[in-house]
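Okay, here's what each chain looks like letter by letter:
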Amino acid sequence: MSDIEIPESHPRYLSLLTRHRIEEGVEKGITSKQGLIAEGRGEAFDYLLGEETTASADAAERAAAAQLLLAEHPVLSVNGNVAALVPGEMVELAEAVDADLEVNLFNRTEERMRAIADHLRDHGAEDVKGLTADGRIPNLDHERAKVDADGIGAADVVLVPLEDGDRAEALAAMGKVEIVVDLNPMSRSAQSAAIPIVDNIIRAVPNVTDHARDLTDATEEEREKIVREFDREAALREAEDAIRSGELD
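Residues numbered from 1 in each chain as written. Predicted model: local features only at pLDDT ≥ 70, side-chain atom pairs only at ≥ 80, totals over all residues. Heavy atoms only, no water.

## Concerning the UniProt feature "binding site: ATP" (unreviewed entry) in the protein chain
Part 1: Under the feature "binding site: ATP" (unreviewed entry), the UniProt entry names Arg19, Arg41, Asp182, Leu183, Asn184, Arg188, Ser189, Asn200 and Ile201.
Part 2: With respect to the element layout, Arg188 can be found in helix 8 (residues 188–192).
Part 3: When its relative accessible area of 44% is taken as the criterion, Arg188 is described as partly exposed.
Part 4: Setting aside anything within four residues of it in sequence, one finds Arg188 in contact with Gly165, Asp166 and Glu169.
Part 5: Looking at Arg188, its side chain comes within polar contact range of the side chain of Glu169, at 3.5 Å.
Part 6: Of the residues examined, Asn200 reaches a relative accessible area of 11% and is grouped as buried. (UniProt positions renumbered as here; feature names shortened; annotations may be inferred. Helix = DSSP H or I, 4+ residues; strand = E, 2+ residues; numbered from the N terminus. Buried < 20%, exposed > 50% of the residue type's maximum accessible area, 1.4 Å probe, protein only. Contact = heavy atoms within 4.5 Å. Polar contact = N/O pair within 3.5 Å; in protein donor to acceptor, adjacent residues only side chain to side chain.)

Here it is, written out as structure tokens:
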């Protein structure tokens, strides 16, 4: 994706790759400049986690896959950083769990909305929601309140990676089941989620897709059991413990 060649043998290969993807996202009008700051903040937490998927994060990713497969109308929300970092991976996940993709932005302009929708289509998406904006999330006074009525507005389960805490809280208040990808287990987003995934999005999304494919032939009862046995409080606690006790190389 990047014009800059980074040898895979470089010890910071994935970190450098994600930085360049975010930079390219800004250059293409996909990612806001504030997204650069958000990426740096997330990378700091990932560094403390050892830049690997923990056992509790993997359990959350499996529960997320089961929950998405159980949903009647799952929707995957996409912002600028998500579009820059994992566009193809989000398309693959949407296909694996039969979900809609919807663009939702805090710094919303029609130009950015179209750019992200086109970017997702370039990576295989057939239909991208978010441009109609004929629905609204109650009790939000900014642009992220705007949603498609037949997308996030009608969804029963929403994946909200790299989420703003206030929208996460508002979606939870609407009674929607939220799956959040956030490297900070203490954030309002993670705290609001039914299934908080404390992992880097570049690992989390492919992992959820892999679990979904593994659960394709599972019964509804088996999927329900996975969701029921997932302990969100334990997952958040274990993630925080991992961050606090992390050993830096």
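Next comes the rest of the account.
## Examining a negative patch on the surface
Part 1: A cluster of acidic residues, Glu220, Glu221, Glu222 and Glu224, forms a negative patch on the protein surface.
Part 2: With respect to the element layout, Glu220 can be found in helix 10 (residues 220–229). (Patch = residues over 30% accessible without salt bridge, like charges linked within 9 Å, V, L, I, M, F, W, Y side chains within 5 Å. Areas by Shrake-Rupley, 256 points an atom, 1.4 Å probe, with all protein chains shown as cover. Salt bridge = Lys/Arg side-chain N within 4 Å of Asp/Glu carboxyl O. Lys, Arg positive; Asp, Glu negative; His and termini not counted. Charge placed at Lys NZ, Arg CZ, Asp CG, Glu CD.)

## Some thoughts on the pairing of strand 1 (residues 74–78)
Part 1: The buried fraction of strand 1 amounts to five of the five residues, a majority that puts the element mostly inside the structure.
Part 2: Where burial is concerned, the two faces of strand 1 agree: the one with Pro74, Leu76 and Val78 and the one with Val75 and Ser77 are both buried.
Part 3: Bridge count for strand 1 against strand 6 (residues 157–161) is three bridges, and the pairing is parallel. Following the sheet pairing, Pro74 is matched in strand 6 by Val157. (Pairing = 2+ DSSP bridges.)

## Comments concerning the sheet that holds strand 3 (residues 128–129)
Part 1: The parallel open sheet is built from six strands, whose spatial order is 3-2-1-6-7-8. Only two strands of the sheet have a single neighbouring strand rather than two, namely strand 3 and strand 8 (195–197).
Part 2: Relative to strand 8, strand 7 (residues 177–181) is paired through three bridges, and the arrangement is parallel. In the strand pairing of strand 8, Val180 is matched with Pro196.
Part 3: Lying on the sheet, helix 5 (residues 87–97) is in contact with strand 1, strand 2 (100–103) and strand 6; it crosses strand 1 at an angle near 175°. (Axes fitted to C-alpha atoms, helices over the stretch in contact; angles between N-to-C directions.)

## Focus on the environment of Ala149
Part 1: Within the secondary structure, Ala149 is located in the loop between strand 5 (146–147) and strand 6.
Part 2: Looking at Ala149, the relative accessible area reads 36%, which means it is partly exposed.
Part 3: For the pair Ala149 and Thr132, spaced 17 residues apart in sequence, the C-alpha to C-alpha distance is 8.4 Å.
Part 4: Excluding anything up to four places from it in sequence, Ala149 contacts Asp134, Gly135 and Ala154.

## Regarding unusual backbone geometry
Part 1: In this structure, Asp98 takes a positive phi of about 55° despite not being glycine.
Part 2: With a relative accessible area of 68%, Asp98 lands in the exposed category.
Part 3: The backbone of Ala133 shows a phi angle near 55°, a positive value even though the residue is not glycine.
Part 4: Mapped onto the elements, Ala133 comes out in the loop between strand 3 and strand 4 (135–136).
Part 5: Relative accessible area serves as the criterion here: at 25%, Ala133 is assigned to the partly exposed category.

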